[in-house]
Amino acid sequence: MDMALSKSNTSIIRKDLMIRVYRLLLQENTRDLDRIPLLLKPRGRDPWRCCLHKDRAVLKYKIMSILGYAEKDETDELTPLSWYGEHARGSQNFYLNLISEACSNCPSANYVVTNLCRGCEARPCQVNCPKNAISFKNGQAFIDTETCVNCGLCMRNCPYNAIQFQPRPCEEVCPVNAISTNAEGHEEIDMEKCILCGRCMQACPFGAIIPSSDVPEIIQDINSEKEVVAIVAPAIAGQFRAPLEQIYGAIKAVGFSNLYEVAEGAELTARLETDELVELLKQSEYPGLMSSCCPAWVDYVEKNQPSWRSSISHTPSPMVLSAIEVRKNHPDAKIVFIGPCLAKKGEARKDKNVNYTMSFEELGALIVAHGVEVAEQETFPLNEKVPELGRKFALSGGVAQSVGILLGQELEVHQVSGLNKATIRQLARAVKDCKTDFFEVMCCEGGCVGGSQTLTSASESVRIINS
Amino acid sequence: MKKHKVVVCTGTLCHVLGGSELPSLGQRLPEEWRGLVDIKGSPCMGYCKDSEMHPPFVEIDGEVMQEASVSKVLEYLEKRIGHGTK
């Protein structure tokens, strides 16, 4: 089981806050933004943290993020949420906000002896410890954290399960070791290392990590009747229990002037990657082509595996190619990419055609804030030619499958569905072996349907797509 | 014997706020309960309009369950079915 909490309150609290904020922004009632923390934590309610005031402060900073501001943007603590609401802006240059007010400063990862320890005669914890880190005090085992190397042998050998591993959940799930404690004792994300996979956000039990948002600006542009065009990732198919045409109808209903499927750009990506592969296959020795679709993966290679950089396909991602096409017909429009993950926010920022990004979570919250029922929407007619190949990109294996179909020959494919320390090791071996034609790497388990900001789990998504 | 009636809210708010797996409840139902439980989906039942109530919502035999989940509904049914047959 993944460390990310499979079902937890944090994502529900985040979406509930988004709905409340968007409702007020749609009514252009920024004044009541200040009321949200009080409404959710009224006097007399049991606090979740040390006291209600702390709970309210945490909510305030979460709402600030939803409004596009980071905790560090606060120069005056008295600045009310209504001010941030009135000064809507996009996510600027931060994508993930680790709110120090919300961070519980979890103790550093180590093994702890619990009260279940009975101080037995066998003492397997002590005799199996390779570092002599265990002594006995007051009839119970005691681990000297200075000598302990976190091997876990004591835990595995205790007959009473008295020794537990206490992780720091955010650091535990980060595949690139981008989170650590800073000099002030707070957790901090090093954005030079971060690949925006979103695992820390999913794993933090205190909901202290929250994404930035472009939605307030998008709402402002829609309210001022600018042309705002949505380009929607193929993974949308499993996000609502409704036919694709009806989901598109719901996206239109929240104010987008037009809508395009990124699956069309994905078809072009597949064709261009196939062309690249055809050229490579002519060479007697080649290292294999690495797919460029997943921005977290591309970022991982960029920041952590410089020797693999030359193997990454030069083909732009489906989002980039879709935006180029859409820009031709809508030169002055604001183009919004709607997708399943945070990494796309980073990629979109580097692209001149994509103005904003919106996650599926944000889209769901906006649809609810509008009072739109997806299942009751008019269908939005799609193109005559359905981009079947492009729609496959939502699931792991889809890119390789599309390239294989276009190439018309058997390919040696190395597929990664979920980038983590173990799959990275397997990748490194495959690169060394030089037997792979095509590497399809999806940072999230299951592919894009397993993205960090989806509305349904990857498995439920697949169930919906297949039904 | 009268069937237990389960109505799952399929409104968008319930879907977004934690209820996305509830409509698959029927597929998670143990084989031997299939004849004893009647599961239906319903458009928004309006419980979300009450700010004191917590989505997602499921009605079981006319009673509303808040913060419903597949496992909570199955547990509730197990108690009901257990009492009804034993």
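Before reading further, recall that the structure is shown in the block above.
Residues numbered from 1 in each chain as written. Chains lettered and ligands numbered in written order. Predicted model: local features only at pLDDT ≥ 70, side-chain atom pairs only at ≥ 80, totals over all residues. Heavy atoms only, no water.

*Asks:* Just checking my understanding: could you explain the sheet that holds strand β15 (residues 438–442) of chain A for this structure?
*Replies:* The strands making up a sheet are joined through hydrogen bonds of the backbone, oriented either antiparallel or parallel. Spatially, the 3 strands line up as an open sheet ordered β11-β15-β14 (chain A), and their pairing is parallel. Each having just a single partner strand, β11 (289–290) and β14 (413–417) of chain A make up the two edges of the open sheet. (Pairing = 2+ DSSP bridges. Helix = DSSP H or I, 4+ residues; strand = E, 2+ residues; numbered from the N terminus.)

*Asks:* Would you mind showing me how to read the sheet that holds strand β4 (residues 63–65) of chain B here?
*Replies:* Residue and element names in this part refer to chain B. Strands sit in the order β2-β1-β3-β4 across an open sheet of 4 strands; the sheet is mixed. Looking at strand neighbours, the two that pair on one side only are β2 (37–42) and β4, the edges of this open sheet. The average angle at which neighbouring strand axes cross in this sheet is 25 degrees, direction not considered. Of the strand pairs in this sheet, strand β1 (residues 4–9) and strand β3 (residues 58–60) are connected by 3 bridges, and their pairing is antiparallel. Counted as the bridge partner of Val8 is Val58 from β3. (Axes fitted to C-alpha atoms, helices over the stretch in contact; angles between N-to-C directions.)

*Asks:* What's the story with the packing of helix α11 (residues 262–282) of chain A against helix α13 (residues 318–329) of chain A in this structure? I'm lost.
*Replies:* Pairs of packed helices are described in terms of their axes, by the angle between the two and the distance that separates them. Residue and element names in this part refer to chain A. Relative to each other, α11 and α13 sit at 115 degrees, their axes nearing to 7 Å. With respect to each other, α11 and α13 are oriented roughly perpendicular. Note that α11 runs across α13; the crossing there is right-handed. On the side of α11, the interface is formed by Val262, Gly265, Ala266, Leu268, Thr269 and Leu272, while α13 contributes Pro318, Met319, Leu321 and Ser322. (Parallel < 35°, antiparallel > 145°, perpendicular 65-115°, else oblique. Left-handed = near helix turned anticlockwise from the far one by under 90°. Contact = heavy atoms within 4.5 Å.)

*Asks:* Sorry if this is basic, but what is going on with the packing of aromatic side chains here?
*Replies:* The geometry of an aromatic ring pair is captured by the separation of the ring centres together with the interplanar angle, meaning the angle of the planes. Evaluated as defined, the whole model comprises 7 aromatic pairs over all chains. Ring geometry for A:Trp297 versus A:Tyr300: centroids 6.2 Å apart, planes at 20 degrees, classification stacked. Here A:Tyr300 and A:Trp297 lie together in helix α12 (residues 295–304), a separation of 3 residues that amounts to about one turn. For A:Trp297, a relative accessible area of 0% translates into the label buried. Ring centres 5.4 Å apart and planes at 45 degrees place the aromatic pair B:Tyr47 and B:Phe57 in the tilted group. Remark: B:Phe57 occurs in the loop between β2 and β3 and B:Tyr47 occurs in the loop between β2 and β3; sequence separation between them is 10 residues. Members of the aromatic cluster, connected to one another through ring pairs, are A:Tyr69, A:Trp83 and A:Tyr84. (Phe/Tyr/Trp six-rings, centres within 6.5 Å; stacked < 30°, edge-to-face > 60°. Buried < 20%, exposed > 50% of the residue type's maximum accessible area, 1.4 Å probe, protein only.)

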